[in-house]
Amino acid sequence: MRFNIRVPDGFNFWRTVYSHGWCALPPFEIDKKNDCLIRVLDFASEKKVVAKISYLKKQTLNIFSSENLSKIEREEAVTQLRSCFRLDEDYSEFYTEANKNADFKWVPKAGAGRLLRAPTVFEDVVKMICTTNCSWALTEIMVDNLCKKLGFKLDDSYFTFPTPEVIAGFTEKYLRKEIRAGYRAPYILELSRRITKGNIDIEKWQTSGLSTEELFKKVRSVKGIGPYAAGNILKLLGRYDYLGIDSWCRGKFFEIHRNGKKCSDKVIENHYKHFGKWRGLFFWMDVTKDWYAKKFPF
DNA sequence: GCGTCCAGGTCTACC
DNA sequence: GGTAGACCTGGACGC
């Protein structure tokens, strides 16, 4: 079945899809041939479908679902996708700031700034842990294994992202060796078990009334999440006060602003300080600017 | 093909 | 509060 979702003025589908690496990690997948983003959706009714999302002109997303959905499931699909594409967030203040700075006038013109996220905070947090202290290739292996070995199998190609309950039922040894999470295994397991036991509700982070500083502390209290991971998780929660610097961003900053010469993170932080609560997003726009030259940057 | 070294964030112990 | 070392893996490199 097919259905549509209206998007706000200025929304750019491919710039949102390619806002960072999540589009290349399952249950997301890019289908370049058919010009769409694929996402496996998991519903409260326990139904799972493959959704193929493409952009129609006239500010509309078109969703092709592999199975018919009930009215409630369709509403749930719309809610999940609106959240993934950040359709209900207001970027007008960010774009006003961008237009004040010659180096960032391209951002509103490109419809950039929306960072793709998963339907659940849990998926984003586990994936973020899987990006720490390793190559992108290893992140892909870990996330692929999580979906294929612990997710729900729709067919040979499509799997859901595993729930905390499923992960909590496995051993640290399994996560280390079979998922290849290595020393990250106890962190993922502890988080899953805390959620399952009701000791922590990370889905509430999305609507938290805490100040960004307090929320940052809360995110950092999860083992395995340091300053880099917490800063980037906050960006996916719509808070951009932290840069979330990693070695790749550092290298990009040196290349763009220092002619390849190294500097401390403090210098990088000071460079974006004047952007206030948007500084994390300006930082990310800056280091990924060259992605916007191509429809499929990777 | 095998062994060694290094890069990549976070945690813990120690000063 | 700051720092060193351990954690684990893939990839690069030398032999």
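Calculation notes
- Residues numbered from 1 in each chain as written.
- Chains lettered and ligands numbered in written order.
- Predicted model: local features only at pLDDT ≥ 70, side-chain atom pairs only at ≥ 80, totals over all residues.
- Heavy atoms only, no water.
- Helix = DSSP H or I, 4+ residues; strand = E, 2+ residues; numbered from the N terminus.
- Rg over C-alpha atoms; globule rule 2.2 N^0.38 Å.
- Buried < 20%, exposed > 50% of the residue type's maximum accessible area, 1.4 Å probe, protein only.
- Contact = heavy atoms within 4.5 Å.
- Areas by Shrake-Rupley, 256 points an atom, 1.4 Å probe, with all protein chains shown as cover.
- Lys, Arg positive; Asp, Glu negative; His and termini not counted.
- Charge placed at Lys NZ, Arg CZ, Asp CG, Glu CD.
- Phe/Tyr/Trp six-rings, centres within 6.5 Å; stacked < 30°, edge-to-face > 60°.
- Lys NZ or Arg CZ within 6 Å of the ring centre and 35° of its normal.
- Near = heavy atom within 4 Å.
- Polar contact = N/O pair within 3.5 Å; in protein donor to acceptor, adjacent residues only side chain to side chain.
- Nonpolar A, V, L, I, M, F, W, Y, C, P; charged D, E, K, R; others polar.
- Pairing = 2+ DSSP bridges.
- Domains from an automatic or database assignment.
- Buried area = accessible area lost by both parts, 1.4 Å probe.
- Salt bridge = Lys/Arg side-chain N within 4 Å of Asp/Glu carboxyl O.

> Please explain the overall build of chain A as it appears in this structure.
Scanning chain A from N- to C-terminus turns up 14 helices and five strands. Against the 2.2 N^0.38 benchmark of 19 Å for 298 residues, chain A shows a C-alpha radius of gyration of 19 Å, consistent with a compact globule. Counting only C-alpha atoms, chain A reaches 50 × 45 × 35 Å along its principal axes. Expressed as a percentage of its 298 residues, the buried residues of chain A come to 51%. When contacts within chain A are restricted to residue pairs at least 6 apart in sequence, those whose partners lie at least 24 apart make up 63%. Total accessible area on chain A is roughly 14300 Å²; 50% of this is exposed by carbon and sulfur atoms. For chain A, the distance from the average position of its 51 positive side-chain charges to the average position of its 37 negative side-chain charges is 3 Å.

> For this particular structure, what's the right way to read the environment of Lys-58?
Mapping Lys-58 onto the fold places it in the loop between strand 4 (48-56) and strand 5 (60-65). Looking at Lys-58, the relative accessible area reads 71%, which means it is exposed. Once the C-alpha coordinates of Lys-58 and Lys-177 are considered, the two residues, 119 residues apart in sequence, prove to be 48 Å apart.

> Help me understand the packing of aromatic side chains in this model?
Each aromatic ring pair is summarised here by two numbers: the centre-to-centre distance and the angle between the ring planes. Scanning all chains against the criterion turns up 27 aromatic pairs. Centre to centre, the rings of Tyr-91 and Tyr-95 are 6.4 Å apart; their planes meet at 35°, and the pair counts as tilted. Both residues of the pair, Tyr-91 and Tyr-95, belong to the buried class. Put simply, the rings of Phe-11, Phe-13, Trp-14, Tyr-18, Tyr-55, Phe-85, Trp-248, Trp-284, Trp-291, Phe-296 and Phe-298 touch in pairs and so form one group of aromatic residues. When the ring centre of Phe-28 is taken as reference, the NZ or CZ atom of Arg-39 above it lies at 4.6 Å.

> Can you help me understand the environment of Leu-154 in this one?
Looking at where Leu-154 falls in the secondary structure, it is placed in the loop between helix 6 (136-150) and helix 7 (164-168). Here Leu-154 falls in the partly exposed class, since its relative accessible area comes to 25%. Residues Leu-154 and Gly-251, 97 residues apart in the sequence, show an inter-C-alpha distance of 40 Å. With residues near it in sequence (within four places) discarded, Leu-154 still touches Val-40, Lys-48, Val-49, Val-50, Phe-159 and Thr-160.

> Sorry if this is basic, but what is going on with the protein's contact with DNA strand B here?
Residues in close proximity to DNA strand B total 16 residues, the closest being Asn-133, Gly-224, Gly-226, Asp-246 and Ser-247. Among the atoms of DNA strand B close to the protein, meaning within 4 Å, 61% are from sugar or phosphate groups. Take Lys-223: an N or O atom from its side chain is 3.4 Å from a phosphate oxygen of DNA strand B. Within the backbone of Gly-226, a nitrogen or oxygen atom sits 2.9 Å from a phosphate oxygen of DNA strand B.

> What am I meant to see in the protein's contact with DNA strand C here?
DNA strand C sits among Ala-137, Leu-138, Arg-176, Arg-180, Gly-182 and Tyr-183. Sugar and phosphate atoms form 94% of the subset of DNA strand C atoms that lie within 4 Å of the protein. By residue class, the composition of the surface near DNA strand C is three nonpolar, one polar and two charged.

> Sorry, what's going on with the pairing of strand 5 here?
Note on strand geometry: in a regular strand, side chains alternate between the two faces of the sheet. Counting buried residues along strand 5, five of its six residues qualify, which places the element largely inside the surrounding structure. Of the strand pairs in this sheet, strand 1 (residues 2-6) and strand 5 are connected by five bridges, and their pairing is antiparallel. Opposite Phe-3, over in strand 5, you have Ile-63 as the bridge partner. With six bridges connecting them, strand 4 and strand 5 associate as antiparallel partners. Note on strand 5: the bridge partner recorded for Lys-52 is Phe-64. Counted along the chain from strand 4 to the antiparallel partner strand 5, the turn is three residues long, and its residue Lys-58 has a positive phi close to 65°.

> Please explain the domain arrangement of chain A as it appears in this structure.
Much of the literature gives interface size as the accessible area that the parts lose upon coming together. Domain annotation of chain A identifies domain 1 (2-91), domain 2 (121-236) and domain 3 (247-293). For domain 1 and domain 2, the distance between their C-alpha centres works out to 22 Å. Taken together, the contact between domain 1 and domain 2 spans 18 residues of the former and 20 residues of the latter. Carbon and sulfur atoms make up 66% of the area that domain 1 and domain 2 hide from each other, which totals about 1500 Å². It is Trp-22, Leu-25 and Pro-26 that lose the most area in domain 1 upon contact with domain 2, and together they represent 38% of the buried surface on that side. The interface formed by domain 1 and domain 2 contains one salt bridge. Across the salt bridge formed by Arg-39 and Glu-123, the nearest N and O atoms sit 2.8 Å from each other. Joining domain 1 to domain 2, the criterion identifies four residue pairs in polar contact (both at pLDDT 80 or more). With four residues, strand 3 (residues 36-42) is the largest single contributor of residues to the side of domain 1 that touches domain 2. Partitioned by chemical class, the residues of the side of domain 1 that touches domain 2 number 10 nonpolar, three polar and five charged.

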